[in-house]
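# Observations on the three-dimensional arrangement
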Amino acid sequence: MPASRRTVRSLLGPARTHARASDAPARLRVGVIGAGRVGAVLGAALAAAGHDVVAASGLSAASAERAARLLPGVPLLPADAVVAAADLVVLAVPDDTLAGLVSGLAETGAWRAGQLVLHTSGAHGLAVLAPAEEAGVLALALHPAMTFTGAPEDAERLDGAPFGVTSRPEHRPVAETLVLEMGGEPFFVAEADRPLYHAALVTGANHLVTLVAEAADLLRTAGVAEPGRVLGPLLTAALDNGLRRGDRGLTGPVSRGDAGTVAHHLRTLGERAPGSVAAYVAMAQRTAERAVTAGRLRPHDAAPVLDVLAAAHDDVAGPR
């Protein structure tokens, strides 16, 4: 049977769930702990796939509003009550609170054998779920490699989104089926590679937003009233170049070895946007290094640029 046609229940077998006999074969009772930007969207996707979202938890007013919009009629309960009500528990909480939540629920005896639990953290794998596994819970790490902002379009972004999957080998069919049911595309990430995987995504997505906002602010300072109109076509083309060609898509003064232009940029930023100097230096240094490694810039042409950047770095760092 193709993975997209399987159901979670068919993979687990009847002894692995607690659903009523009258339920449809694919239905699991789902509880969502952390009805925030990610949890509410995943809960809605699981409901659309035929599962029954029976409870959710969320501390903030924004979570309550999001749950009311995406999970209508689902009661908001304490975390232990959500676990008690569910066959499948979705943990969509901040990275730094995940371990404490899982172990705290274990200490109260909330977990029970035969349940499934998945977390959505990119930074963690299965180790953080060990207290639940010790209670006989089937544990999965399913991270949607997508940005969610709490906007209505978040639900649409889940369609076709890649999910970084970490699981026990024998549980991969269950993990992959859940991802497919939510409309995503699974790919496997080894437990040991999980932190590097997440750092890569943060570098690409979170830092990209910072760079775009920084560039827009500089354009406003330069008198450009609508920076989005200038940046939109340029950044779209640059992103396409980077994805298709990697370092071969580099353009601009650093990749050409134009040390004079770089020095002029730094003088201008120092005068008009001093808070931007350190970021410019750091990115330009890494750009030069990658350009040399990729053969886009010869080492002797890169040296003057790197010298200018090193001097600017020392100026920013100040005396030690």
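Whatever comes next refers back to the structure up there.
Residues numbered from 1 in each chain as written. Predicted model: local features only at pLDDT ≥ 70, side-chain atom pairs only at ≥ 80, totals over all residues. Heavy atoms only, no water.

### Remarks on the overall build of the protein
- Check the secondary structure of the protein and you find 14 helices and seven strands.
- Counting only C-alpha atoms, the protein reaches 75 × 40 × 40 Å along its principal axes.
- In the protein, which comprises 320 residues, the proportion classed as buried is 37%.
- The long-range share in the protein, meaning contacts at least 24 apart out of those at least 6 apart in sequence, stands at 61%.
- Of the accessible surface of the protein, which amounts to about 16300 Å², a share of 58% is contributed by carbon and sulfur atoms.
- Treating the 28 positive side-chain charges of the protein as one cloud and the 32 negative ones as another, the clouds have centres 5 Å apart. (Helix = DSSP H or I, 4+ residues; strand = E, 2+ residues; numbered from the N terminus. Buried < 20%, exposed > 50% of the residue type's maximum accessible area, 1.4 Å probe, protein only. Contact = heavy atoms within 4.5 Å. Areas by Shrake-Rupley, 256 points an atom, 1.4 Å probe, with all protein chains shown as cover. Lys, Arg positive; Asp, Glu negative; His and termini not counted. Charge placed at Lys NZ, Arg CZ, Asp CG, Glu CD.)

### Points about the packing of aromatic side chains
- On inspection of all chains with the given rule, the structure shows one aromatic pair.
- Taking 5.9 Å as the distance between ring centres and 65° as the angle between the ring planes, the aromatic pair formed by Phe187 and Tyr197 counts as edge-to-face. Residue Phe187 is located in strand S7 (residues 185–188), and its partner Tyr197 is located in helix H9 (residues 194–221); the two are separated by ten residues in the primary sequence.
- A relative accessible area of 32% places Phe187 in the partly exposed class. (Phe/Tyr/Trp six-rings, centres within 6.5 Å; stacked < 30°, edge-to-face > 60°.)

### A word on the pattern of salt bridges
- All chains considered together, the criterion is met by twelve salt bridges.
- A salt bridge links Arg69 to Glu65; the shortest N-O distance between them is 3.3 Å. With a gap of four residues between them, Arg69 and Glu65 both fall in helix H3 (residues 61–70), about one helical turn apart.
- For Glu65, a relative accessible area of 43% translates into the label partly exposed.
- Close ionic contact of Arg220 with Asp217 constitutes a salt bridge, the shortest N to O distance being 2.8 Å. Residue Arg220 and its partner Asp217 are both found in helix H9; the two are separated by three residues, about one turn of the helix. (Salt bridge = Lys/Arg side-chain N within 4 Å of Asp/Glu carboxyl O.)

### Quick word on the pairing of S7
- Across four bridges, strand S6 (residues 162–166) lies against S7 in parallel orientation. By the bridge assignment, Phe163 is partnered in S7 with Pro186.
- For the handedness criterion, the β-α-β arrangement of S6, helix H8 (residues 172–181) and S7 is classed as right-handed. (Pairing = 2+ DSSP bridges. Right-handed = clockwise from strand over helix to strand, strands pointing away.)

### What to know about the packing of helix H12 (residues 259–272) against helix H13 (residues 277–293)
- Interhelical geometry of H12 versus H13 gives an angle of 160° and a closest axis separation of 9 Å. As summarised for this structure, H12 and H13 are arranged roughly antiparallel, according to the angle between their axes. Facing H12, whose interface residues are Val262, His265, Leu266, Leu269 and Gly270, H13 presents Val277, Tyr280 and Val281.
- The class makeup of the residues in the contact of H12 with H13 is six nonpolar, two polar and no charged. (Axes fitted to C-alpha atoms, helices over the stretch in contact; angles between N-to-C directions. Parallel < 35°, antiparallel > 145°, perpendicular 65-115°, else oblique. Nonpolar A, V, L, I, M, F, W, Y, C, P; charged D, E, K, R; others polar.)

### Here we look at H13
- The terminal C-alpha atoms of H13, which comprises 17 residues, lie 24 Å apart, in line with the 24 Å expected from a rise of 1.5 Å per residue.
- Where H13 terminates, the next one or two residues include Gly295, which has phi positive at roughly 80°. (Expected span 1.5 Å × (residues − 1).)

### A look at the nonpolar core
- By size, the foremost hydrophobic cluster in this structure holds 30 residues, and its most contacted members are Leu88, Leu140, Leu142, Leu158, Phe163, Leu178 and Met182.
- Where this core is concerned, the elements lending two or more residues are strand S1 (29–33), helix H2 (39–48), strand S2 (52–57), strand S3 (88–91), strand S4 (116–119), strand S5 (138–144), S6 and H8.
- Setting aside chain neighbours within four positions, we find Leu140 in contact with Val117, Leu118, His119, Leu126, Leu129, Thr166, Ser167, His171, Val174, Ala175 and Leu178.
- In this structure, Val82, Val93, Val128 and Ala141 belong to the second largest nonpolar core, which totals 21 residues. (Core = buried A, V, L, I, M, F, W, Y, C linked by side-chain atoms within 4.5 Å.)

### Things to note about the packing of H9 against helix H10 (residues 227–245)
- Closest axis-to-axis distance for the H9/H10 pair is 9 Å, and the angle between their directions is 135°. Taken as axis vectors, H9 and H10 run oblique relative to one another. With respect to the hand of their crossing, H9 and H10 are arranged in right-handed fashion. Across the interface between the two elements, Val212, Ala215, Ala216, Leu219 and Arg220 from H9 touch Pro227, Val230, Leu231 and Leu235 from H10.
- When its residues are assigned to classes, the contact of H9 with H10 shows eight nonpolar, no polar and one charged. (Left-handed = near helix turned anticlockwise from the far one by under 90°.)

Honestly, it's all geometry; don't read function into it.
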